[in-house]
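# Examination of the molecular architecture
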Amino acid sequence: MSRRGLIVLSIAAAVIATFGLTCRKNTNVESSQSVEERVTPIVENPTGVFYSDSYAFAGGGCSVTTINGRIPVVPVDGQNALKIEVTGSGGYWGVGIARRGWVRWYLDNYLPDGVMEFQVKGERGGERFRIGFADSDRDGQGPDFDRNAYVPVTKYVSITKEWQTVRIPISDFIAAEPKIELDDCQKVVLSKDGDAKPMIVYLRGIRFVTTSPEHPVPPIKINQLGYRPYMVKIAKISAPTRTFQIVDAKTGRIVLKGVTRKVAENDPVSGDNVWEADFTPVKTPGRYKLVADGVGESFVFEIRENVYDGLFRDAVRFYYLQRCGIALESKFAGPLAREACHLGDRKALTRDGEFVGDVSGGWHDAGDCNKYAAWVRYPLFMMLDIYDLRPKSFRDGQLNIPESGNGIPDLLDEAKWELDWLLKMQINSGPQAGLVYDRIHESAAPRGGKRPRLQEERRLLPPTHEATAVCASVWARAYRTFVNIPKFKNDANRYLAAAELAWRRLVSENARPEFLFIAAACLYDATGKDEYRKVTSELMDKVLGNDPKQAIERFIWEIWECAVITLALSKRDGSIREKARAFLKATVDKCVETWFKDAYSVPIWNSDHYCWSSNQIIGKRGYYAIMAYQFAPNPDYLRMAADTLHYLLGRNAVCYGMVTGYGTRTTEIYHSIYGRSAMAWLPTPPGFVPGGVNQWESRGISAYPAKNFRPDPNNWTLTEPAIYYNAPLVFLAGYFASLGDASWRP
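Residues numbered from 1 in each chain as written. Predicted model: local features only at pLDDT ≥ 70, side-chain atom pairs only at ≥ 80, totals over all residues. Heavy atoms only, no water.

### Brief notes about the pattern of salt bridges
Inspection of the entire model under this criterion finds 51 salt bridges. Across the pair aspartate 712 and arginine 104 runs a salt bridge whose closest N-O atoms are separated by 2.8 Å. Of this pair, aspartate 712 sits in the loop between helix H15 (635-648) and helix H16 (716-719) while arginine 104 is found in the loop between strand E9 (92-98) and strand E10 (115-122), placing the two residues 608 residues apart along the sequence. Looking at arginine 104, the relative accessible area reads 4%, which means it is buried. A salt bridge links arginine 554 to glutamate 558, with the shortest nitrogen-to-oxygen separation between them at 3.9 Å. What makes arginine 554 partly exposed here is its relative accessible area of 31%. Through salt bridges that share partners, Asp385, Asp388, Arg477, Arg480 and Asp525 make up one connected network. (Salt bridge = Lys/Arg side-chain N within 4 Å of Asp/Glu carboxyl O. Helix = DSSP H or I, 4+ residues; strand = E, 2+ residues; numbered from the N terminus. Buried < 20%, exposed > 50% of the residue type's maximum accessible area, 1.4 Å probe, protein only.)

### Thoughts on the sheet that holds strand E18 (residues 234-237)
Pairing is antiparallel across the open sheet formed by four strands, whose spatial order is E16-E18-E22-E21. One side of each edge strand has no neighbouring strand; the edge strands of this open sheet are strand E16 (220-221) and strand E21 (261-264). Bridge count for E21 against strand E22 (residues 274-278) is three bridges, and the pairing is antiparallel. Bridged to arginine 261 within E22 is glutamate 276. (Pairing = 2+ DSSP bridges.)

### So, the packing of aromatic side chains
In this structure the tally under the stated criterion is 31 aromatic pairs. Taken together, the ring pairs connect Phe555, Trp560, Tyr623, Tyr624, Phe731, Tyr735, Phe736 and Trp744 into an aromatic cluster. Lying over the aromatic face of tryptophan 605, arginine 621 brings its terminal NZ or CZ to 4.5 Å of the ring centre. (Phe/Tyr/Trp six-rings, centres within 6.5 Å; stacked < 30°, edge-to-face > 60°. Lys NZ or Arg CZ within 6 Å of the ring centre and 35° of its normal.)

### Quick word on the sheet that holds strand E29 (residues 436-441)
Read from one edge of the open sheet, three strands run E28-E29-E30, paired in antiparallel fashion. Taken across any chain shown, the strands that pair with only one partner, and hence form the sheet edges, are strand E28 (371-372) and strand E30 (459-464). Here five bridges tie E29 to E30, and the two strands are oriented antiparallel to one another. Opposite arginine 439, over in E30, you have leucine 461 as the bridge partner. Relative to the sheet, helix H7 (residues 465-482) contacts E29 and E30, its axis offset from that of E29 by approximately 105 degrees. (Contact = heavy atoms within 4.5 Å. Axes fitted to C-alpha atoms, helices over the stretch in contact; angles between N-to-C directions.)

### So, the packing of helix H13 (residues 575-597) against helix H14 (residues 614-629)
Running from N to C, H13 and H14 cross one another at 125 degrees; their axes reach a closest spacing of 9 Å. On the basis of the axis angle, H13 is oblique to H14. In terms of crossing hand, the pair formed by H13 and H14 is left-handed. Seen from H13, the contacting residues are Leu584, Thr587, Val588 and Cys591; seen from H14, they are Arg621, Tyr624, Ala625, Met627 and Ala628. (Parallel < 35°, antiparallel > 145°, perpendicular 65-115°, else oblique. Left-handed = near helix turned anticlockwise from the far one by under 90°.)

### Quick word on the environment of isoleucine 174
Turning to its location among the elements, isoleucine 174 is positioned in helix H2 (residues 170-176). Separated by 24 residues in the primary sequence, isoleucine 174 and tyrosine 150 have C-alpha atoms spaced 9.1 Å apart. Beyond its immediate sequence surroundings of up to four residues, isoleucine 174 is in contact with Leu111, Ile180 and Leu182.

### What to know about the confidence of the model for the protein chain
Looking at the protein chain as a whole, its pLDDT mean stands at 94, while 94% of the residues score no less than 70. In this model residues 1-33 is a low-confidence stretch, pLDDT under 50, and it forms 74 contacts with partners more than four residues away in sequence or in other chains. Per-residue pLDDT stays below 50 along residues 139-143; that stretch engages in five contacts with residues further than four places along the chain or on separate chains. (pLDDT = per-residue confidence, 0-100.)

Given below as structure tokens:
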């Protein structure tokens, strides 16, 4: 899989420049609101010498020119285009062109007025071919058979030596192949039309366009799991309504009547008019529904003290289910039990075939089973931070994992599983001592040969300063927590020794300032040593800058955010801590400012942030706020943080619960083991968080940034879970859950 981590703003900006965000209105639609144009781009402005997500085939005397089996990209009249060159005649040929990453796309709500649009130019003029699109039939319904819907291009245009824009109604493709699955599209396809003949044509700007209505979304958005009695409780309603009632779900008894408040008109992020219904006075435990006058009723939700306890448990157990290298026994995993996977990691090789040794253990990173040392900071920092905020709330036996019963809180046992794997990824001796291998990955191993499921060969990619610095920071952070637990003191000392070994290597190799900073900052917090204090102080201005407000956008994307939060809550007072607090507080204040204004109370100030991993991006802002609250106790920080949890549990513009198993209308996941993807074979576990709304890689579902989501278990840009996506949920659920202490009411 070619998916990796966060989409930085520079990439988002490039996509904006490439695709544009202009919206045309459909003036033929009778509606109280105009319908905006939606665009599903396939290939608009290709780059490089070939388009990687393409293929060609030919035979019978024909061939298609390719580079490394891919369609060439060439400059034509000042812009890049795909070059389709067919040689020979009398045979057959075909071309497939997918979105980047072979991301699925959807046309089931592009009717009646949707079109395929592209620009075409012939080398000589008069060229003929068929064009269309194909489904992937990976939805589990029927055989895995790709259907192709073709039409002849000559029906719509006579190709000349000049560029022409062609628009073909999607309905014409359906007429050609009525069984094509419009909710499961995978690629644009081309083939011969009649007898194959030599030709060269150029294509660019391939996309699908519509102003047809989008799929309707349930109008009442609410936390579909529920609320603790003391919490503020607000529903969002995207349809006109003046009054509402809260009714007992079992008896129908009205327990509260209220008046709504309009908070948004034509919200540009969601396209909605939005009203709020505040039912905070309802505190009696029970199961309820919100009934909005003239609109309908919400999904059932609960009010009870321990409503989030199970959520916390399942959010952490996600990591147990992601464990690599051991059997998941039925007494711990139930119906999700499986045999030990990836046993070859015990005798790992580098990409070049050099023997390293045992790197088994750790967590599978995401829906795939690869393991990345550089991407562990969120789960480990957030687990350790929530433990330190509420140490008495996390107990041995709480999670039903193999370590339960050892006298150590299960939460720390789970963190230790990953921390110990990271130790195996560090080089302990020789000229590279201290460095950490970046990852162990299938793509680094030679291809060929069939292996049993979950026993694929993986190999180690070379060590990197990023992985080394991240590991130094998490080991140092773990030392601070573990050193206070008698049974973990030896482990704490091992982590500190590994962190200091990594530090020395980073210094000797003159690593980049941000890598030196995160290692030094966490080592200073852990040890108080003057060496680390001086480097932290010297690099703070260089890495963060001098103005906290100017660093807000960088704060949410850069590698140093967790290190800054560690410094902000450090017991080592002084100018370093005060500066860290200023940077964290400035970011949280910006989140709160946006939260007040946003139609759905989401702390996103830039709609571009509805991108890859948006669930994590939103959830971690709740983490920021709670950590800032520890030194700046603003009640709005906690309310905003609670609303990020409510977002994940269904109070969002698409009205989907973003946590599997929690709510009525909930997401699916793209995973190679669990769920309903084409690869999975075990059930969907509860407590998994997918990436969420993504207006870039899955653009075209909606015209609005906050609504580009479908719970498609075969679309990895929307529904793939990851260890860093679940981390904010662990922290938020751990903070707001009672966990046996009803007096805990943040």
